[in-house]
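# Architecture at a glance
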2 protein chains.
Amino acid sequence: MAIYLIRKLEHFTKLSSEEKRALEQATSLKRRHLNPREDLIYEGEKPDSVNLINDGWACRYKVLEDGRRQILGFLVPGDVCDMRMFILKEMDHSIGAISPVSVSEIPKDTIIELTDTYPRLSRAFWWNSLVEDSISREWVVNNSQRDAVERMAHLFCELFVRLRMVGLTNGDSCEFPLTQAELGETLGLSTVHVNRTLQEMRAANLVVLKGKSLTIPNLEALQEVGLFNDNYLHLERNGHEMDANE
Amino acid sequence: MAIYLIRKLEHFTKLSSEEKRALEQATSLKRRHLNPREDLIYEGEKPDSVNLINDGWACRYKVLEDGRRQILGFLVPGDVCDMRMFILKEMDHSIGAISPVSVSEIPKDTIIELTDTYPRLSRAFWWNSLVEDSISREWVVNNSQRDAVERMAHLFCELFVRLRMVGLTNGDSCEFPLTQAELGETLGLSTVHVNRTLQEMRAANLVVLKGKSLTIPNLEALQEVGLFNDNYLHLERNGHEMDANE
DNA sequence: CCCTTATGATAACATAGGTTAAGCAGGCGC
DNA sequence: GCGCCTGCTTAACCTATGTTATCATAAGGG
């Protein structure tokens, strides 16, 4: 069940079959299912386990006092939420399901055991958190410096690349369960403008977005439009070779 | 020389005098001075030491291919740059000086020794990184959901609170070396609009900003305007009491 | 099968914020 | 003391994006 997580971590470092087995085992203890809009963790809570997304999409978000909502990041299969809990007293944002989501709950102690036993896993998890942070910074750039078309192009590129990392793309297509309202809450745009922008991008044949499915006819072109450079995702693929000791 | 760092970390956990001494020692080996606009680290580089800001302000930033620049965060005295280097191959952003800056360079090995010897320091550094990440997320919210006045108010509150943490405020005032252009690059606004917004805030007596000095006559009012809530800074002050074992 | 609710599409209009340009003050090199 | 920066201010004008409202369609519930 940890297949997507393993695929992702292997973009950082090769894992031994024992390490993979340990991951499989740790993630097969406890399952949970969430419906769209259901929350996994609330702002203010102190989680006591780590959650691995097996299936479906979730998002981190914050809601301002006056109701405005901002999505802070997406969690797709293979993503884990909140190693942070080892240190921080409480969540400073919430995590909610976007599509139907299946998660594996990994108790705190299991994580500690895992990382104590396998230092390479520990480093891989650390890498994973650092990449997430790097994504946050890139989002600051995206939502502050780019216009609507650029922003949307950039977001599509990021999600497509991330899904491709874990084998969840199909040629130039992937699942894409976001509504236009959610796109707006991500990019800091109104739903009306999200719609306009999408029309424009469809007209330019940059994307085909229909019925929860995204197709990118020409990824390179879209990357150019979005000023997208994947360096911030730190896909240090040579890790595969360099660090192998299986 | 690590006084600001120590003050900051003690917002998370009490430190023993031995731990403090070790920090002082680690940070007194090598100094560096930077002039405004000089870079500490470039995007693409792989740093091999950690830098502690002793004096002055620096910032993390990214530049888009077409020249647009976004400031991603500020580093003030007591802030450290880039524990990340233990894991990531290269910097995904640059760090540059804003005012004249004095930094202490701490070699990688010293950091390892320090965190191996004093697990509490290790946790404190971890906390520190998590807070930085949390700030990034808050900036996504700020620059995506808030209008110009709110954004600016929020930023002023954040910086004031952070400076107060390390004892660098003086009543309701603090040093504030940012130019209006830099404010614009931070908040995703043009310099003209930064100026307009400042006029408006001065007229409302929300801030006095003149000659590199910021005064906030009524912090509570400013927090309200900026929808500022300091929870994302994770000032877990009870750490002082709870965790003392000196 | 109808009713309701979520989503997407469009249009008309309003506005926050961007752009360009110009002037002005303070600091610094010479 | 002059000239030249860099930073701040202001004005006129422009445009990307927000707002409000309406309608169409699709999906799910009873």
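See the structure shown above.
Quick look at the structure, then. (Residues numbered from 1 in each chain as written. Chains lettered and ligands numbered in written order. Predicted model: local features only at pLDDT ≥ 70, side-chain atom pairs only at ≥ 80, totals over all residues. Heavy atoms only, no water.)

A few words on the interface of chain B and chain A. Listed by partner, the interface residues are 45 residues for chain B and 45 residues for chain A. Among the residues of chain B in contact with chain A, Ile87, Arg137 and Gln145 of chain B are the three that bury the most area, contributing 17% of the side total. At the boundary of chain B with chain A, the tally comes to six salt bridges. Put simply, Arg137 of chain A and Asp92 of chain B hold a salt bridge, and the shortest N to O gap is 3.4 Å. For the pair chain B and chain A, the interface holds 22 residue pairs in polar contact (both at pLDDT 80 or more). (Contact = heavy atoms within 4.5 Å. Buried area = accessible area lost by both parts, 1.4 Å probe. Salt bridge = Lys/Arg side-chain N within 4 Å of Asp/Glu carboxyl O. Polar contact = N/O pair within 3.5 Å; in protein donor to acceptor, adjacent residues only side chain to side chain.)

With that out of the way, let us pick up the protein's contact with DNA strand D. Of all residues adjacent to DNA strand D, which total 16 residues, the nearest are Ser190 and Arg196 of chain A together with Arg37, Gln180 and Asn195 of chain B. A breakdown of the atoms of DNA strand D within 4 Å of the protein gives sugar and phosphate a share of 63%. Within the side chain of Arg196 of chain A, a nitrogen or oxygen atom sits 2.7 Å from a base nitrogen of DNA strand D. Gln180 of chain B is positioned such that a nitrogen or oxygen atom in its side chain is 2.5 Å from a phosphate oxygen of DNA strand D. Put simply, the parts of the chain that give the surface near DNA strand D at least two residues each are helix H7 (191–203) of chain A together with helix H7 (191–203) of chain B. Here the surface near DNA strand D gets five residues from one element, more than from any other, and that element is H7 of chain B. Its residues placed into classes, the surface near DNA strand D shows four nonpolar, seven polar and five charged. (Near = heavy atom within 4 Å. Helix = DSSP H or I, 4+ residues; strand = E, 2+ residues; numbered from the N terminus. Nonpolar A, V, L, I, M, F, W, Y, C, P; charged D, E, K, R; others polar.)

Attention shifts here to the protein's contact with DNA strand C. Of all residues adjacent to DNA strand C, which total 16 residues, the nearest are Arg37, Gln180 and Asn195 of chain A together with Ser190 and Arg196 of chain B. Near-protein atoms of DNA strand C (within 4 Å) split between backbone and bases, with sugar and phosphate holding 65%. At a separation of 3.3 Å, a phosphate oxygen of DNA strand C approaches a polar side-chain atom of His193 of chain B. Side-chain polar atom of Arg196 of chain B to a base nitrogen of DNA strand C: 2.6 Å apart, as the coordinates give it. No other element matches H7 of chain A, which puts five residues into the surface near DNA strand C. The residue inventory of the surface near DNA strand C, partitioned by class, reads four nonpolar, seven polar and five charged.

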